[in-house]
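Topology and contacts: notes
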Amino acid sequence: MADEAGTQADGKRQFICGVIEGFYGRPWTTEQRKDLFRKLKSMGMGSSPSYMYAPKDDYKHRAYWRELYTVEEADHLSSLIAAAKEAGITFYYALSPGLDMTYSSPKEIATLKRKLDQVAQFGCEAYALLFDDIESELSKADKEVFQTFANAHVSVTNEIYTHLDNPRFLFCPTQYCASRAVPTVQESEYLNTLGSKLNNEIDILWTGDKVISKTISLESIQEITEVLRRPPCIWDNLHANDYDQKRVFMGPYSGRSPELIRHLRGVMTNPNCEFYGNFVAIHSLAYWSRCSLDSKVNSSLSADIKLETENDDDLPAEFLSKNVYHPRVALKNAITEWLPEFFMKKEAWGPITKPQPQVQMVMPIIPIIPSINTCMSLTTTTTTSTSSRTVPPTVNTTQLQALADVCVVTSSLTPISNPVMNSLVSPTKVITNDDIINPIPTTAASNIELPKKIPISVVPVPIMETKSVEASVELALDNAVFDDNEIEPNSDSVKERLELEVDIEGKQEPVANLSVDTMLDDDSLSPLSGVVNEPMECSSSIASQVSPREEEAIKVVADDVLMESVNDVHSMHVESGTSSPISNAEMREENEAQSDRTNDNNTIEGKGITVDDLVLLCDLFYLPFEHGSRGHKLLVEFNWLKINANVILQDRSAGGGGGQTAKPEVSEWHQRREQFDHLCSAVVELLIKIASCQNKEICHELYSYVWDVSGALSLLNGYVKWLALGHFPQNTSSYTEGSYTWFSKGWKEAFMSGDQEPWVFRGGLIADLQRLMPVDSGNDLFVYKLPEQPTANYYLLRPYCNSDEQQVNDLCTRLYLQWQGELDGGSHISFPLPANVANIVADGLIGGHLTLSPQLCIVAYDENNSIVGYSCAALDVNVFRRNLELCWYTELREKYSRDVCSQEDCEVTQLVTSFVDNYHDSSGNGALDQCPVEVSGSFPAVLISGTLRESEERDSGITKRMLTVLLAALRANGCFGAHVRVPLQDVAQVNFYSRIGFVDVYREEATKCIYMGRRF
C-alpha cells in the first residue's frame, strides 16, 4: 500500500530516516516513544520514517536478551508497535545478544529465534541485531566452528533473517566506524567478510569515520560502500550525550551534505538521553532529509550569526529554496516549532535527572575494559613568575588524551554500573537478579543462579499470541501561530494542543538518579557516580557491557570528585603581599549600580520562554565540536576582561574613576564588562523561565544543564566584578595564567577539528568556562549538588560594598546565635540583640575583615538584593592579626566597655561578657600576635564565611561558589594557600571545609580550634 511505512516504490529502496533509542542510561518511557512517533509523522521524516527500539540499559534488550516478555511487558510493547504503525513509522525491534552469546550453540540460536518470534506476535515487521560494544574474541566453543568473528556474526544473522521470512533488517557490526576498523576499512577482514557473506538485503549500520563524526564525506561513504558491497545506513551519534553529563546537544544537524542521501540506505540519529532535548536534532534531520543540495557555506553558528534578530529577508536566496539545506535555517525553523511545547501543561514524574542514572546493583558483574581510555586527566603544577605576562600553554594532539578534562582529577578508575531498566513497565523499574523469572540455562550462562523469590509485580507468563491493543491517541502537531517578538503563542493553538495531549502514565516516585556533579555524599568526598562513557562501545555501562552470568563484583569508586592532594604545599608557593589602601568612596561608587539593581523573579517568570531564550539555550548547548555564538562570546569576553584588567590599575593610578572622562581603553573595558554582565543575566533569566515553564517534563530534563552553566557564569561574573575594583598588583597575569583553557595554543583548534572524539574534551562549554577561573587546583570547587526540584531561587555573587555592612553583620550574628544554641543543647538567644550590643558578635568575628580588608570580601545575594552569604579573607594572617590588635580591637575596647554587659537576660549577658572579655583581655595575652608557623608558612591567607541555612537548602553550592571567587581573588594577589580556623565542636563546618579540599593542618589546644588549609 502506498501509505505503508517502509514500502518500496518502483523497485527502489526507500530512504530510511528516523531515530534510534540506542544510548546508555535511563530509557525513554512508553508515552515518550509514542509522542516521538507523532512527531516523526508531523515532521516529514523522509520516505521511510523509522524508529529503532534499542535502549542499551533496558531490561531485556541486552543484559537479559534471552528472557521472554511477560503479560504486562507485552501489552506495552504491542501498544508501541501499534502506535508506530498508526503513525506510519517503521518500528525496528533490536536485540544485542553479543555480550555472552555462544554463536555455535543451536540452543542459543533457538533462544534468539524464540525471542524474536514472540516480538513478531506483537505485530513487529522490522528487526535489528546489534553486535557493537562487545569483545571481538570468539569463545573456545565458537572457535571450533567458526574461523573468524565475522563468520560467526554472518552465520547467526543470515539464519535469523531467513527464519523471520526476510523482513526489513538492520545489522550493527562490531567494527562500526573507520577508527575501529582493524587495521583499516579497506583491509578489515571483518568488514570484508560482512560485505561478501551477509545477505545483501540486510542493511549495515555505520557511524562514519569515528564513533562521533564531525563530518561524513562522500569519499568515506564510497569507501565503506565498496567494502560492504552495499550503501551503509548511518547510525549518527552527532547528538548523543551519554558520554558526558555536562553536555546536551541542541544544535542543528550538520556536517553531512544532503547530497549523501542518494549514496546511503538511510540515516538514523541516536540522540540525547533527554527526550525533550531532542526536538532540534530530530526536526533538523527531518528538514535535511527533504533537501538535495548543501548550501556550501560555513554552517557554524559560532561566528557572528544572530538568529534572534534576523528574518527571511536577510538570508541569501539560495538558503530559502526548499531543496537547499543550511543548519542556520534549520535551527531557526526548529526553534519556532519547538516553542509551543514549553507552554503545554505537563507534570514531571520524578526529580531532576541527567544521563546515565547511576544505581549500584546487586547482580554480580565484571567490567569489560573499553578499547579507548577516555577518563585520563591532567594534574598540573603551576609555577609563578615575576614577569608581567606569561606565555599561554600550548597543546598538541599527542597531549589531548591526557588533557581529557582539566577540571576533573582522577586516579585509578573502576567503572560504576548503570542500572538495567524495565522501561516497558515503568520509567523507574530497576532490575536485579531477584527479578529474573525464567533465565534460560545455556553453556554460556550456566552459572546464573535461579531466583529464590518471584516479585509479586512481575507476571512470569511468556506471551506468544497476538494481543489486541487499544488505538493510541493521536496528538495534532499543527504549528502554533505566533510572532517572534511576542512571548505567548497563539492561545487557541496552544489550547487545542493541550486538550489533545496524552497524560503521562505512572506517577510513582522514580529511583534516584545520581550524577557526578549533582549527588555528593554529605559525609565524604566520594561521589555516587563515576564513569564518563562514550556512545556505543566506550559509553557502555558495566551493566550493559557484561553478561549477568559473571560472578565477580566490582568496587564502586569515585571519579569526578577525586582531588589531587592538597597536602602538596610545595607547588605554587608565593609570598603573599599586602593589600593597597582602599578608598571606601571608590568601592561604594563601583558597587552602587549593582546594589540598586534587583532581579524580580516574578516578573521574569511571568514573561515566559521566548524564541530568543531558546536561541540562547541552543547556543549554550550546541554541538560536540563547536559552541554556539553566544556561548563562544562568553568565553571570549571573559578572557578579554581578565587579560586587560590592568587598564583599571592604570586608570586608578592616574586618578580616574572610569567615568565620562576616562581613557578610551578604560571605557571599553567597562562597556564590555556590562555586556558580559548582561549575557550572564540572560542565562539566569533563562534558568528562572525554565524552572517556571508549564511543561515540567521539559523543565526537569533541561534545568540541570542550565543550572550548571549558570553556576559557572556566576563565578566568572563575580570575579569580573571584583576585577573592576582594581585591587590586584600589576603582575597579576603571572599568577592567574597557567591552566589549559580554550585560549591555550592548539586547544580550540583541536576541539573544533573533529580529529578527536568529543569525550577527550569533557564538559563542553561549562568546563571551558570553569577552566578560565584562576584556581588551577580547584577542580573539586566545581562539583555541586543539584536542587532536587527546579527552583527559581538562584543566588548571584558580587564584591562587598560599604552599604552591605549592616546586612552582613546581622547575618553573621544570626548564624552565630544558631550555632551557639545548638552547641548549648537548645538554648535560644533571640535575634536581634539589644541595640547597644547588636553588632558585638559580628564585630568580633568579621568586623576586622570588613574594616581592614573589605576588598577581599564576596557576598551572595538574592533577587531582592538581600545578602544571604559572605566570604571574607585577608592576604597575610600575621599582618592581619597585628592590625586587628593595633587598630580594630582598640576601637572595640572603646565601643564596648566592661559595664556594657549588664543585661536582664542572663544568656545575653553571658554572651556579651565573653566577647567583651575577649576584646579587653587580648592586649595582655598576645593571643592575636602570631599564627602557628605550620599554618602561615604554606597557607598564609585567612578565610571566614557564612551562609543562611535556608539559602544553603535551596542552593547547596552557594558557599562553595563564594569561596571559589574569593580564592581566585587571592590568587590574583599572588597568594596560593589559605586556611580557616574552626572550633572543634563545629562538626558541620569541619565537614564542609573537608569536602572542599581543606585539610587538618594544626590543632590549637588552648582555644579548642582546628586550622584547616588548602592550596589553589
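Residues numbered from 1 in each chain as written. Predicted model: local features only at pLDDT ≥ 70, side-chain atom pairs only at ≥ 80, totals over all residues. Heavy atoms only, no water.

1. Thoughts on the overall build of the protein
Stated precisely, the cut-off is as follows: Only DSSP runs of H or I covering at least 4 residues are called helices, and only runs of E covering at least 2 are called strands; the numbering of each starts at the N terminus. Buried, partly exposed and exposed residues are distinguished by accessible area as a fraction of the type maximum, computed with a 1.4 Å probe on protein chains only: under 20%, between the cut-offs, and over 50%, respectively. Whether two residues are in contact is decided by their heavy atoms: any pair within 4.5 Å suffices. The Shrake-Rupley method, run with a 1.4 Å probe, gives the accessible areas here. Residue values count only the displayed protein chains as cover.
Helices and strands together make up the secondary structure of the protein, namely 32 helices and 19 strands. The burial tally for the protein puts 62% of its 1016 residues in the buried class. Within the protein, contacts between residues separated by at least 24 positions form 83% of all contacts whose residues are at least 6 apart in sequence. Accessible area of the protein: about 38,000 Å², with a carbon and sulfur share of 49%.

2. A look at the packing of helix α11 (residues 327–338) against helix α16 (residues 611–620)
Formally: Working convention: axes come from line fits to C-alpha atoms, limited for helices to the stretch in contact. Angles between N-to-C directions cover 0 to 180 degrees. Any angle that is under 35 degrees is reported as roughly parallel, and any over 145 degrees as roughly antiparallel; angles of 65 to 115 degrees are reported as roughly perpendicular and all others as oblique. When the near helix sits turned anticlockwise from the far one by under a right angle, the crossing is termed left-handed; a clockwise turn instead gives a right-handed crossing. Under this grouping Gly is polar, as are all residues other than the nonpolar Ala, Val, Leu, Ile, Met, Phe, Trp, Tyr, Cys and Pro and the charged Asp, Glu, Lys and Arg.
At a minimum axis separation of 10 Å, α11 and α16 run at an interaxial angle of 125 degrees. Relative to α16, α11 is oriented oblique. Seen along the crossing, α11 lies across α16 with a hand that is right-handed. In contact with L331, I335 and W338 of α11, α16 contributes V611, L614, V615, L617 and C618. Here the contact of α11 with α16 is built from residues that sort into 8 nonpolar, no polar and no charged.

3. Describing the confidence of the model for the protein
Cut-off, in case you're wondering: For every residue, the predictor states its confidence as a pLDDT score lying anywhere from 0 to 100.
Put simply, the protein has an average pLDDT of 76, and 68% of its residues get 70 or more. In the model, residues 297–313 has pLDDT below 50 throughout and makes 41 contacts with residues more than four positions away in sequence or in other chains. Note on residues 537–603: pLDDT under 50 across the span, and 202 contacts to partners over four residues away in sequence or across chains.

4. Regarding the sheet that holds strand β8 (residues 266–269)
Applied cut-off: By the convention used here, strands pair only if DSSP detects at least 2 bridges between them.
Taken together, the 8 strands give a closed barrel; going around it, the order is β1-β2-β3-β4-β5-β6-β7-β8, and neighbouring strands pair in parallel fashion. Averaged over all pairs of adjacent strands, the angle between their axes in this sheet comes to 25 degrees, without regard to strand direction. Note: strand β7 (residues 233–236) against β8, 4 bridges, orientation parallel. Bridge pairing links W235 to M268 in β8.

5. Quick notes on helix α17 (residues 629–643)
Note the following rule: By this rule, a helix spans an expected 1.5 Å times one less than how many residues it contains.
The first and last C-alpha atoms of α17 sit 21 Å apart over 15 residues, in line with the 21 Å expected at 1.5 Å per residue. Counting buried positions along α17 gives 11 out of 15 residues, so the element sits mostly inside the fold. All of the buried residues in α17 are S629, R630, G631, L634, L635, E637, F638, N639, W640, L641 and K642. Those residues of α17 hidden inside the fold are in contact with α16, α19 (664–692), α20 (696–723), α21 (733–736) and α23 (764–771).

6. Here's the deal with the pairing of strand β14 (residues 857–861)
On any regular strand, side chains alternate: one points to one face of the sheet, the next to the other face. β14 sits mainly inside the fold: 5 of its 5 residues count as buried. Both faces of β14 are covered, namely the face carrying C857, V859 and Y861 and the face carrying I858 and A860. Taken together, the 4 bridges between strand β13 (residues 796–799) and β14 define a ladder with antiparallel strand orientation. Residue pairing across strands places L796 opposite Y861, the latter belonging to β14. The hairpin turn running from β14 into strand β15 (residues 867–874), its antiparallel successor, is 5 residues long, and N865 in that turn takes a positive phi close to 65 degrees.

7. Points about the nonpolar core
Note on soluble globular proteins: their nonpolar side chains tend to be buried together. Convention followed: What makes a nonpolar core is a set of buried Ala, Val, Leu, Ile, Met, Phe, Trp, Tyr and Cys residues whose side-chain atoms join them at distances within 4.5 Å.
Counting 238 residues, the largest nonpolar core has M52, F91, Y93, W338 and L970 as the members making the most contacts within it. With 16 residues, the top contributor of residues to this core is α20. Those residues in contact with L970, other than ones at most four positions away along the chain, are L856, A873, L875, A941, L943, C975, A978 and F1016. Within the second largest apolar cluster, 27 residues are counted, among which are W819, A874, V908 and Y1011.

8. Some words on the side chain of R961
Inclusion rule: Each polar contact in these results corresponds to two N or O atoms within 3.5 Å; when the atoms are within protein, one needs to be able to donate a hydrogen and the other to accept it, and residues that are neighboring in sequence are counted only if both atoms are side-chain atoms.
Within the secondary structure, R961 is located in helix α31 (residues 958–972). A polar contact is formed between the side chain of R961 and the backbone oxygen of Y795, at a distance of 3.3 Å. In terms of polar contacts, R961 uses its side chain to reach the side chain of D955, at 2.7 Å. In contact with R961, not counting residues within four places along its chain, are G711, S714, L715, Y784, Y794, Y795, L797 and D955.

9. Re the packing of α17 against α20
One way to put it is that α17 packs onto α20 with a least axis distance of 10 Å and a crossing angle of 25 degrees. When the interaxial angle is binned, α17 and α20 end up roughly parallel. Seen along the crossing, α17 lies across α20 with a hand that is left-handed. When α17 is examined against α20, the residues L634, F638, L641 and K642 are found in contact with a partner set consisting of L713, L716, Y719, V720 and L723. A breakdown of the residues in the contact of α17 with α20 according to their chemical character gives 8 nonpolar, no polar and 1 charged.

10. Points about the packing of aromatic side chains
Note the threshold: Between the rings of Phe, Tyr and Trp (Trp by its six-membered ring), a pair exists once the centres lie within 6.5 Å; its type follows the angle of the planes, with under 30 degrees stacked, over 60 edge-to-face, and the other angles tilted.
Scanning all chains against the criterion turns up 39 aromatic pairs. Summarising the aromatic geometry, the rings of Y735 and F976 are spaced 6.0 Å apart at their centres and angled 75 degrees between planes, so their arrangement reads as edge-to-face. Separated by 241 residues along the polypeptide, Y735 in helix α21 and F976 in the loop between α31 and β17 (977–983) bring together distant segments of the chain. The pair Y735 / F976 is uniform in exposure class, with both members buried. Relative to Y993, the ring of F992 has its centre 5.3 Å away and its plane inclined at 70 degrees; by these criteria the two rings are edge-to-face. The exposure classification of F992 matches that of Y993, with both residues buried.

11. Quick look at the environment of A873
Among the secondary structure elements, A873 is positioned in strand β15. Sequence separation of A873 and Q855 is 18 residues, and the distance between their C-alpha atoms is 8.9 Å. Each residue touching A873, except ones within four places of it in the same chain, is listed here: H849, S853, L856, V942, L943, L966 and L970.

12. Some points on the pairing of β15
Most of β15 is tucked away: 8 of the 8 residues are buried. Summarising the sheet, β14 and β15 pair through 5 bridges and their orientation is antiparallel. Residue V859 lies in a different strand from β15, and its bridge partner there is Y870.

13. Quick look at the sheet that holds strand β16 (residues 941–947)
Spatially, β13-β14-β15-β16-β17-β19-β18 is the arrangement adopted by the 7 strands of the open sheet, whose pairing is mixed. With partners counted over all chains shown, the strands left at the sheet margins are β13 and β18 (999–1004), one partner each. Taking each pair of neighbouring strands and ignoring which way they run, the sheet shows an average axis angle of 25 degrees. As judged from the 5 bridges shared by β18 and strand β19 (residues 1009–1015), these two strands associate in the antiparallel manner. Pairing of E1004 across the sheet is with C1009, part of β19. Here helix α24 (residues 805–823) sits on the sheet in contact with β14, β15, β16 and β17, set at roughly 95 degrees to β15.

14. Focus on the environment of S734
By the secondary structure assignment, S734 is in helix α21. Assessed through its relative accessible area of 1%, S734 is described here as buried. Residues S734 and A972, 238 residues apart in the sequence, show an inter-C-alpha distance of 8.6 Å.

15. Thoughts on α23
The α-helix winds at 3.6 residues per turn, so residues separated by three or four positions along the chain end up facing the same way. Extensive coverage of α23 is indicated by the burial of 8 of its 8 residues. Those residues of α23 lying buried are G764, L765, I766, A767, D768, L769, Q770 and R771. Turning to α23, the residues buried within the fold contact α16, α17, α20 and α22 (747–753).

16. Some points on the pattern of salt bridges
The line we're drawing: The term salt bridge refers to a side-chain nitrogen of Lys or Arg lying within 4 Å of a carboxyl oxygen of Asp or Glu.
All chains considered together, the criterion is met by 33 salt bridges. R630 is paired through a salt bridge with D619; the nearest N and O atoms lie 3.7 Å apart. Within this pair, whereas R630 is found in helix α17, its partner D619 is found in helix α16, the two being separated by 11 residues in sequence. When salt bridges that share partners are traced, they join D35, R38, K39 and E341 into one network.

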